[in-house]
Amino acid sequence: YPVISRLIQVLFLQTVRAYVAEQMETEDVQGRARWLTASTNGSIGPVLAQLHESPERRWTVRSLARQAHMAKSAFSQRFRETVGRPPLQYLTAYRMEKACEMLLDTDLGVKEIAASVGYDSASSFSNAFKRWRGQAPAVFRRNGLNGRGPMSDKTRK
């Protein structure tokens, strides 16, 4: 019986390893792993913290590079390598994710949400949201997630 018990343990461990390996291949898990690595990076981590703390600020690649004490091109390259996308593309995605949460979890109007995620007007925010999510903020709020997570980059236009 000890041999059978050990074989069952080995089989169980191999099954868990295969499952974890399969899960790590998905884009969402890779994105989370990249973000975790980036957040602990000495030059990129503090910049991510600033973006998350103040998404409404008028960030530019130059101002973000200054935060990291790096040249603009070096910062942009390191950010992309570490995070997996360019800085302003990351910022837009973060703003839109935050806006989705606010649309679903608060009663704030589109104008207030737009301002809190860095847009000067409700119309510019609505246009960006439609491009990103494929529907207007009011429609998204009314329909909720409908079982869909954020659209992947592949489905965004």
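Below, the structure is looked at part by part. For clarity, every value in this text was computed on a predicted model and none was experimentally measured.

All right, on to the overall build of the chain then. Per the secondary structure count, the chain includes 9 helices and 0 strands. The linear arrangement of helices and strands in the chain, starting from the amino end, is α-α-α-α-α-α-α-α-α. When the 157 residues of the chain are sorted by exposure, 30% land in the buried category. Pairs at least 24 residues apart make up 51% of the contacts formed inside the chain by residues separated by at least 6 positions.

What follows deals with the packing of helix α6 (residues 87-105) against helix α8 (residues 122-133). Where α6 meets α8, the axes come as close as 11 Å, and the angle between the chain directions of the two elements is 100 degrees. Here α6 is positioned roughly perpendicular relative to α8, judged by the angle of their axes. Across from Ala93, Met96, Glu97, Ala99, Cys100 and Leu103 in α6, the residues of α8 making contact are Phe125, Ala128, Phe129, Trp132 and Arg133. Partitioning the contact of α6 with α8 into residue classes produces 9 nonpolar, no polar and 2 charged.

Per the counting criterion, the structure on display carries 6 aromatic pairs. Relative to Phe129, the ring of Phe125 has its centre 5.7 Å away and its plane inclined at 50 degrees; by these criteria the two rings are tilted. Of this pair, Phe125 and Phe129 both sit in helix α8, separated by 4 residues, roughly a single helical turn. Members of the aromatic cluster, each reached through a chain of ring pairs, are Tyr119, Phe125, Phe129, Trp132 and Phe140. Between Arg57 and the ring centre of Trp59, over which it is positioned, the NZ or CZ distance is 4.1 Å. When the ring centre of Tyr119 is taken as origin, the NZ or CZ atom of Arg95, which lies over that ring, is 5.9 Å away.

Below, the discussion takes up the environment of Ala122. Relative to the helices and strands, Ala122 is located in helix α8. Here the alpha-carbon distance between Ala122 and Lys111, two residues 11 residues apart in the chain, equals 4.7 Å. Residues contacting Ala122, with those up to four places away along its chain left out, are Val110, Lys111 and Ala114.

All right, on to the packing of helix α4 (residues 61-68) against helix α5 (residues 72-83) then. Relative to each other, α4 and α5 sit at 85 degrees, their axes nearing to 9 Å. Between α4 and α5, the interaxial angle falls into the category roughly perpendicular. Across the interface between the two elements, Val61, Arg62, Leu64, Ala65 and Ala68 of α4 pack against Lys72, Phe75 and Ser76 of α5. Across the contact of α4 with α5, the residue classes tally to 5 nonpolar, 1 polar and 2 charged.

This part is about unusual backbone geometry. We note that His69 has phi near 60 degrees; this positive angle belongs to a residue other than glycine. Structurally, His69 can be placed in the loop between α4 and α5. We classify His69 as exposed; its relative accessible area is 73%.

As a further point, take α8. The first and last C-alpha atoms of α8 sit 16 Å apart over 12 residues, in line with the 16 Å expected at 1.5 Å per residue. Taken residue by residue, α8 has Phe125, Ser126, Ala128, Phe129, Trp132 and Arg133 as its buried positions. One face of α8 carries all of its buried residues, which in axial projection span an arc of 165 degrees. The inward-facing, buried residues of α8 contact α6, α7 (110-116) and α9 (137-143).

The next point concerns the environment of Ala68. With respect to the secondary-structure elements, Ala68 resides in helix α4. Separated by 26 residues in sequence, Ala68 and Gly42 place their C-alpha atoms 8.6 Å apart. When neighbours within four sequence positions are excluded, Ala68 is seen to be in contact with Ser43, Val47 and Phe75.

Reading the values: rules and limits
- Residues numbered from 1 in each chain as written.
- Predicted model: local features only at pLDDT ≥ 70, side-chain atom pairs only at ≥ 80, totals over all residues.
- Heavy atoms only, no water.
- Helix = DSSP H or I, 4+ residues; strand = E, 2+ residues; numbered from the N terminus.
- Buried < 20%, exposed > 50% of the residue type's maximum accessible area, 1.4 Å probe, protein only.
- Contact = heavy atoms within 4.5 Å.
- Axes fitted to C-alpha atoms, helices over the stretch in contact; angles between N-to-C directions.
- Parallel < 35°, antiparallel > 145°, perpendicular 65-115°, else oblique.
- Nonpolar A, V, L, I, M, F, W, Y, C, P; charged D, E, K, R; others polar.
- Phe/Tyr/Trp six-rings, centres within 6.5 Å; stacked < 30°, edge-to-face > 60°.
- Lys NZ or Arg CZ within 6 Å of the ring centre and 35° of its normal.
- Expected span 1.5 Å × (residues − 1).
- Arc of directions from axis to C-beta.

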